[in-house]
Amino acid sequence: MENGTINDANLKKLRLTVDKLEARLRQSGIAAINDVQFATIETSGQIGYTLKKEKQPATKEDIQNLIQLIQKGYLTDLTNKTSPEENIFTETVNKNSSNTPNHLQ
């Protein structure tokens, strides 16, 4: 496979059907051919593959970076409709008792 598309000529050389390729990919934990950027048949017969960037699993580092961004207020809304200044938690952080109704104090 190259750039997510099956190279039929190479499959014929290897005498491998698309169904068998799909079965091998499923055994490797890949649900859809469209998720694969490149795939090769290793000398051992195993499939080597690289997933497309958007289909690669998140690493611990990715998750830790995301948590830090959330904690800093940079990701208050994933659609980027709000800025860190519009964080819904700023009211609790910046307590201003003069604007709080008496029955809520």
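The rules behind each value
Residues numbered from 1 in each chain as written. Predicted model: local features only at pLDDT ≥ 70, side-chain atom pairs only at ≥ 80, totals over all residues. Heavy atoms only, no water. Helix = DSSP H or I, 4+ residues; strand = E, 2+ residues; numbered from the N terminus. Buried < 20%, exposed > 50% of the residue type's maximum accessible area, 1.4 Å probe, protein only. Contact = heavy atoms within 4.5 Å. Areas by Shrake-Rupley, 256 points an atom, 1.4 Å probe, with all protein chains shown as cover. Pairing = 2+ DSSP bridges. Salt bridge = Lys/Arg side-chain N within 4 Å of Asp/Glu carboxyl O. pLDDT = per-residue confidence, 0-100.

> Sorry, what's going on with the overall build of the chain here?
Secondary structure summary: the chain contains 4 helices and 2 strands in total. Reading the helices (α) and strands (β) of the chain from amino to carboxyl end gives α-α-β-β-α-α. Going through the 105 residues of the chain one by one, you find that 15% of them count as buried. Sequence separation of at least 24 residues holds for 24% of the intrachain contacts in the chain that already meet a minimum separation of 6. For the chain, the exposed area adds up to about 8900 Å²; of that, 49% sits on carbon and sulfur atoms.

> Help me understand the pairing of strand 1 (residues 36-41) in this model?
Successive residues of a regular strand alternate their side chains across the two faces of the sheet. Pairing of strand 1 with strand 2 (residues 47-51), which is carried by 5 bridges, proceeds in the antiparallel orientation. Bridge pairing in strand 2 places valine 36 opposite leucine 51. If you look at the hairpin formed by strand 1 and strand 2, you'll find 5 residues sitting between the two strands, and glycine 45 has a positive phi there, around 95°.

> Just to check I follow, could you spell out unusual backbone geometry for this structure?
Note on backbone geometry: most residues besides glycine have negative phi, and most peptide bonds are trans. With a phi angle near 55°, arginine 15 is a residue other than glycine that sits in the positive phi range. Topologically, arginine 15 is positioned in the loop between helix 1 (8-14) and helix 2 (18-27). Using a relative accessible area of 77% as the deciding quantity, one classes arginine 15 as exposed.

> Would you mind showing me how to read the pattern of salt bridges here?
It is possible for side chains bearing opposite charge to pair when their charged atoms get close. In the structure shown here, the tally under the stated rule is 1 salt bridge. Put simply, aspartate 35 and lysine 55 hold a salt bridge, and the shortest N to O gap is 3.9 Å. Taken together, the positions of aspartate 35 in the loop between helix 2 and strand 1 and lysine 55 in the loop between strand 2 and helix 3 (60-72) put the pair 20 residues apart, joining distant regions of the chain.

> What is the right way to look at the confidence of the model for the chain in this model?
Should the pLDDT be low somewhere, the predicted coordinates at that spot are not to be read in detail. On average, residues of the chain score 79 in pLDDT, and 72% of them reach the 70 mark or higher. Taking the mean pLDDT of every element in the chain, the minimum, 55, falls on helix 4 (residues 90-93) and the maximum, 91, on strand 2.

> How should the environment of isoleucine 41 be read in this particular structure?
With respect to the element layout, isoleucine 41 can be found in strand 1. Taking C-alpha positions, isoleucine 41 is 9.9 Å from leucine 11, a pair spaced 30 residues apart along the chain. With residues near it in sequence (within four places) discarded, isoleucine 41 still touches Leu14, Leu16, Arg24, Gln46 and Ile47.

> Could you clarify how one ought to interpret the side chain of aspartate 35 in this entry?
Looking at aspartate 35, the relative accessible area reads 17%, which means it is buried. Setting aside chain neighbours within four positions, we find aspartate 35 in contact with Leu51, Lys52 and Lys55.

> Quick question: what am I supposed to make of the environment of valine 36 here?
By the element assignment, valine 36 lies in strand 1. With relative accessibility at 0%, the residue valine 36 sits in the buried group. Each C-alpha atom of the pair valine 36 and tyrosine 49 lies 6.9 Å from the other, and the pair is 13 residues apart in sequence. Once residues lying within four places of it in the same chain are set aside, the contact partners of valine 36 are Met1, Gly4, Leu25, Ile30, Tyr49, Thr50, Leu51 and Lys52.

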